[in-house]
Amino acid sequence: MNNPFREDLVSKNKPDPCSVVIFGATGDLAHRKLVPALYNLTVDGELPSGVKIVGFARRDKSDDTFKDGLEKLNKEVSRSGHDEYVWDRFSQNIVYHRSNFDDIEGYRSLAKRLDEIDAERGGKGNRLFYLSIAPEYFDDVLEKLNEVGLNEAAEGCWARVIVEKPFGKDHASAEHLNEVVNNTFHEKDTYRIDHYLGKETAQNIMVLRFANSIFEPIWNSGHIDHVEISCAEHFGMEGGRGGYYDSAGALRDMVQNHLLQLLSLVAMEPPTDLSPDGVRDEKVKVIRSLRKLDTPEKVRKNVVRAQYTKGFVNGNEVPGYREEDRVNPESETETFVAVKTYVDTWRWSGVPFYIRVGKRLPKKATEISIHFKATPSVLFNQQGSDKAEENVLVIRIQPDEGISLRINSKLPGAAIRMESVKMNFQYSTSFGKSSPEAYERLLLDSMAGDATLFARRDEVEEAWKFVDFIQEAWKGQHDIPLAEYEAGSWGPNEADDLIEAEGQDWRRF
Ligand code: BG6
C-alpha cells in the first residue's frame, strides 16, 4: 500500500467484492453517510473493485434520479471533496431498486438482479444487506429476505446484515429485534453498527492503553480519581430530526450505545487477543459490571435529566426544545443527561464514572478525561505553596482528534513556582491528514468479515438493562424532575451539583 496512514484503515482481513444492498436508500443516512463513505473509499483506492451498490426503497425513482440525489449530497458532505471523474466511475456501480418492504415480488426481482450482478462480476456472490430503516420494518425485510433465500450464501460466499440503531427502545424490544434478526442471519453474520466504534480515536483507546507500557500499571483505582466522558453537540432538531428524537431522548439516543461503548473501551481488561470475540468478551463484562441504579432513589441521586429552553448558540438565537419542528409542545423528552456510575470490578473499585451528553450546548465536542489522583500534601501541596494540579489525560474523540496530558511544571525562575501545562498529540499534525469517517472503516470491516468494531448481541442487551432502570424510574410517579438549561449553556446547575458533590468539576473544553 502506498499510503501508510491508510494501512490503519484496512481491517485484519481483506475486504471482498460484494453487492451492498441499502434498504432505505432514499433516506438521510444513505445520502449523508453511507454513499459518501463508499465514494471516499473509492477515492483512496480502498474499495475492492467489483462492489456494486443497490439502493432499495419505496419511492419511485430511476437509476439516474437516484444517483443525481446522491451526487448532490456527496458534493456537500464528502470528506475529500467531489471529483466529477471519480464520481462518474463510482456511480456506474450504483443502481436503484424500487419496492415496498413487504412486497415479496420486490425481493424476487432483487434476487434475480443480484444474480445478474454476480454473473457480470464473474461469479462471486457476496451480499451485504444494510438495514438503514426504522426498526418497525425489520420484520418485513428480514422475513422476505429469508423467503427468497437471500440470507443464505452460495458455496464459498457470504451473506451479512448490518443493522443500524436505534436497536430497540428497551431491553425487551432489543431482545425481540435480536430474535428477529438472528432467525434470518447467524450472529456471526450480524453487524450491529455503533458508528462511535469506527471513530479513529475510539479505536486508539485500546492502542493507547495496551501498546504503551506506562499506562496499564496506573490504569486503576489506585491512581485514578474519576473518569469523565462528555459528548456535547451545539445543534438541536434541525433537518426534521425532532420526530425521531422526541420519542428517543438523550438517554436512548446516545448513552445506551455510543457513550457506554466508549466507557467499556476505557474500563475493559486487556483481551487475550484482538479477535472480535476476544475484544467484545471484555467489553461486555464492563457493561455487566456497571452498578445498577435499580431504585428510583438511586436514579434521583445519580442521574440528571434536562431539556433546553431558548437561548443563543454561536451568537444565533435558537428556539427552546418544545418549540422545535416536529416536537410535542408539551414534550418531557430529555435533551441532556448526566449520569454518575461505578464499574464494580477490582480494578475500578470506588472510581466514579461521569457521563454527560447534551444537545444545544456551546459546541460540538466529545472527549474522555481520565483524572488522576492528587499528589500527597508534602513538598508542593502544603498550605501557602502552589497547588499541584491533578494530572489529566484527555482523549479527544472529536473534533481535533488527539490526546493530551496535563502535567505540572516549574515556572522558569529562581523560586519554585508551578504551573499546569499540556502535552498535546494531534492526529492532523502528526499524521498530516484528518482521520477517515467512521462509516468508511465500518463498511470496509463488514466486507472483510471483521466484527470487532460492531456491537454483539449481549453487549446491546446488557446496555439496555442498565438504561432500563433509569427509564423505569423516570416513567413512574416518582417525582424525578426534568431540569432546564438555556440553549448555549453547558447544561443545568443540577449536573454541576452532581459532580461537585464529590469535590470535582466538569471539564470545560
Ligand atoms: C447519532 C445520534 O447516533 O449520533 C444523533 O442519533 C447524534 O443524535 C449523532 O447527533 C452524533 O454523531 P457524531 O458522529 O456526529 O458525533
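Residues numbered from 1 in each chain as written. Predicted model: local features only at pLDDT ≥ 70, side-chain atom pairs only at ≥ 80, totals over all residues. Heavy atoms only, no water.

**Here's the deal with the pattern of salt bridges**
Two side chains with opposite charge may pair up if their charged atoms get near one another. Where we set the bar: Salt bridges are defined as contacts in which a side-chain nitrogen from Lys or Arg sits within 4 Å of a carboxyl oxygen from Asp or Glu.
Within the structure shown, the criterion is met by 44 salt bridges. Between Asp 294 and Lys 298 there is a salt bridge, and its shortest N-O distance comes to 2.6 Å. Shared partners join several salt bridges into a network, and the residues in it are Asp 277, Arg 280, Asp 281, Arg 456 and Asp 458.

**Regarding the site of the ligand**
Stated formally: We call a residue near a given molecule or strand whenever any one of its heavy atoms falls within 4 Å of it. Distance and chemistry together define a polar contact, namely a pair of N or O atoms within 3.5 Å, with one atom able to donate a hydrogen and the other to accept it when in protein, and with adjacent residues in sequence counting only for side-chain atoms on both sides. Each accessible area is a Shrake-Rupley result for a 1.4 Å probe, and residues are judged covered by the shown protein chains and nothing else. Put simply, DSSP H or I for four residues or longer makes a helix, DSSP E for two residues or longer makes a strand, and each gets a number counted from the N terminus. Three residue categories are used. Nonpolar comprises Ala, Val, Leu, Ile, Met, Phe, Trp, Tyr, Cys and Pro, charged comprises Asp, Glu, Lys and Arg, and polar comprises the others, including Gly.
Around the ligand, the structure places 13 residues, and the nearest of them are Tyr 196, Lys 199, Glu 233, Asp 253 and Gln 398. A distance of 2.6 Å separates an oxygen atom of the ligand from a polar atom in the side chain of Asp 253. Coverage of the ligand by the protein chains reaches 84% of its 400 Å² of free accessible surface. Sort the elements by how many residues they give to the shell around the ligand and helix H9 (residues 242-267) lands first, with three residues. Considered class by class, the residues forming the shell around the ligand number three nonpolar, three polar and seven charged.

**Re the packing of H9 against helix H10 (residues 276-289)**
What counts, and what does not: A fitted line through C-alpha atoms represents every axis, and for helices the fit uses only the stretch in contact; the resulting angles, taken between N-to-C directions, go from 0 to 180 degrees. Convention used here: angles under 35 degrees read as roughly parallel, angles over 145 as roughly antiparallel, angles from 65 to 115 as roughly perpendicular, and any remaining angle as oblique. It only takes one pair of heavy atoms within 4.5 Å for two residues to be counted as in contact.
Two elements in contact, H9 and H10, have axes whose closest approach is 9 Å; the angle formed by their N-to-C orientations is 110°. Relative to H10, H9 is oriented roughly perpendicular. In contact with Gln 261, Leu 263, Ser 264, Leu 265 and Ala 267 of H9, H10 contributes Lys 283, Val 286 and Ile 287. For the contact of H9 with H10, the class distribution of residues is five nonpolar, two polar and one charged.

**Some details on the environment of Ala 495**
Residue placement: Ala 495 occurs in helix H15 (residues 493-500). The sequence separation of Ala 495 and Gln 92 amounts to 403 residues, and the corresponding C-alpha distance is 52 Å. Ala 495 has contacts with Val 304, Phe 336, Ala 338 and Trp 506, leaving out every residue within four places of it along the chain.

**Observations regarding the sheet that holds strand E11 (residues 336-342)**
For the record, the criterion: One bridge is not enough; two strands pair if DSSP finds at least two bridges between them.
Read across the sheet, nine strands follow the order E16-E15-E14-E13-E7-E12-E11-E8-E17 without closing on themselves; strand pairing throughout is mixed. Taken across any chain shown, the strands that pair with only one partner, and hence form the sheet edges, are strand E16 (418-426) and strand E17 (483-486). For this sheet, the mean inter-axis angle between neighbouring strands, taken without regard to orientation, is 20°. Strand direction decides the pairing type here: strand E7 (residues 224-232) and strand E12 (residues 352-358), joined by six bridges, are parallel. By the bridge assignment for E12, Ala 232 is matched with Gly 358.

**Examining the confidence of the model for the protein chain**
This is how it is decided: On a range of 0 to 100, pLDDT expresses the predictor's confidence in each residue.
Looking at the protein chain, pLDDT values average 92 and 96% of them are 70 or higher. Low pLDDT (under 50) marks residues 1-10, which in the prediction has 26 contacts with non-local residues, meaning those over four places away or in another chain.

**Things to note about the sheet that holds strand E6 (residues 190-192)**
On the basis of which strands lie adjacent, the open sheet formed by six strands has the order E3-E2-E1-E4-E5-E6 and parallel pairing. The sheet terminates laterally at strand E3 (94-98) and E6, the two strands that pair on one side only. Between one strand axis and the next, the sheet turns through 20° on average, direction left out of account. Where strand E1 (residues 19-23) lies against strand E2 (residues 52-57), five bridges are found, and the strand directions are parallel.

**Side note on a nonpolar patch on the surface**
Going by this rule: A residue counts toward a patch only above 30% relative accessible area and without a salt bridge, and it is joined to like-charged neighbours within 9 Å or, for Val, Leu, Ile, Met, Phe, Trp and Tyr, to nonpolar neighbours within 5 Å. With a 1.4 Å probe rolled over the protein chains alone, any residue whose accessible area is under 20% of its type maximum counts as buried; one over 50% counts as exposed, and the rest are partly exposed.
On the surface, Val 378, Leu 379, Phe 380 and Ile 416 cluster together into a nonpolar patch covering about 430 Å² of accessible area. Tracing the backbone through its elements, the reader meets Leu 379 in the loop between strand E13 (365-372) and strand E14 (392-398). Relative accessible area serves as the criterion here: at 68%, Leu 379 is assigned to the exposed category.

**Here we look at helix H5 (residues 104-121)**
What counts is decided by this rule: How far a helix is expected to stretch is found by multiplying one less than its residue total by 1.5 Å.
Here H5 spans 26 Å end to end across 18 residues, near enough to the 26 Å set by a 1.5 Å rise per residue. Buried residues along H5 sit in contact with E1, E2, E3, strand E4 (127-131) and helix H6 (138-147). Of the residues that open H5, the one with a side-chain oxygen 3.0 Å from the backbone nitrogen of Glu 105 is Asp 103. Gly 122 occupies a position one or two residues after H5 and carries a positive phi of about 105°.

**A short note on empty space enclosed by the protein**
The gaps left among the atoms become clear once a water-sized probe is rolled over them. This is how it is decided: Grid points spaced at 1 Å and placed over the protein atoms alone form the basis of the search, with a cavity being a set where a 1.4 Å probe fits but cannot get out and a pocket an open set showing protein on both sides within 12 Å along at least five of seven lines. Lining residues have an atom within 4 Å of a point. Grid points are joined across faces, edges and corners, and a volume is the space filled by probe spheres set on the points.
For the coordinates displayed, the defined rule picks out one cavity of 30 Å³ or more. As a volume, the largest cavity reaches approximately 150 Å³. As for the largest cavity, its lining consists of 16 residues, and the residues nearest its centre are Asp 194, Gln 256, Asn 257, Ala 455 and Val 460. At the level of secondary structure, the elements contributing two or more residues to the lining of the largest cavity comprise H9 and helix H14 (457-475). Looking at the lining of the largest cavity, the element that brings in the most residues is H9, giving four residues. Of the residues contributing to the lining of the largest cavity, the split by class is eight nonpolar, three polar and five charged.

**Some details on the environment of Ile 397**
Tracing the backbone through its elements, the reader meets Ile 397 in strand E14. Here Ile 397 falls in the buried class, since its relative accessible area comes to 1%. Remark: the alpha-carbon pair of Ile 397 and Glu 484, spanning 87 residues in sequence, is separated by 27 Å. Contact partners of Ile 397, with chain neighbours within four places excluded, come to Lys 199, Thr 201, Ala 202, Leu 262, Thr 366, Glu 367 and Ile 368.

**Section: the packing of helix H3 (residues 63-77) against helix H4 (residues 84-91)**
For any two helices packed against each other, one specifies the inter-axial angle together with the distance between the axes. The criterion, for reference: The hand of a helix crossing depends on one turn: near helix anticlockwise from the far one by less than a right angle means left-handed, and clockwise means right-handed.
One can describe the packing of H3 onto H4 by two numbers: an axis separation of 12 Å at closest approach and a directional angle of 145°. For the element pair H3 and H4, the recorded crossing hand is right-handed. Note on element contacts: H4 touches H3 through Glu 84, Trp 87 and Ser 91, opposite Lys 67, Leu 70, Glu 71, Asn 74 and Lys 75. The residue makeup of the contact of H3 with H4, split by class, is two nonpolar, two polar and four charged.

**Here we look at the nonpolar core**
Selection rule: Put simply, buried Ala, Val, Leu, Ile, Met, Phe, Trp, Tyr and Cys residues joined by side-chain atoms within 4.5 Å make one nonpolar core.
Counting 144 residues, the largest nonpolar core has Phe 23, Val 227 and Ile 368 as the members making the most contacts within it. The leading source of residues in this core is H9, at 12 residues. Discounting chain neighbours no more than four positions away, the residues touching Phe 23 are Phe 56, Phe 101, Tyr 107, Leu 110, Phe 129, Tyr 130, Leu 131, Ser 132, Ile 133, Val 141 and Leu 145.

**Remarks on the side chain of Asn 302**
Tracing the chain through its elements places Asn 302 in helix H11 (residues 296-302). Judged by relative accessible area, which is 15%, Asn 302 ranks as buried. Among the polar contacts made by the side chain of Asn 302, one reaches the main-chain carbonyl oxygen of Lys 298 at a distance of 2.9 Å. In this structure Asn 302 touches Leu 293, Ala 338, Val 339, Lys 340 and Leu 498, once residues within four positions along its chain are discounted.

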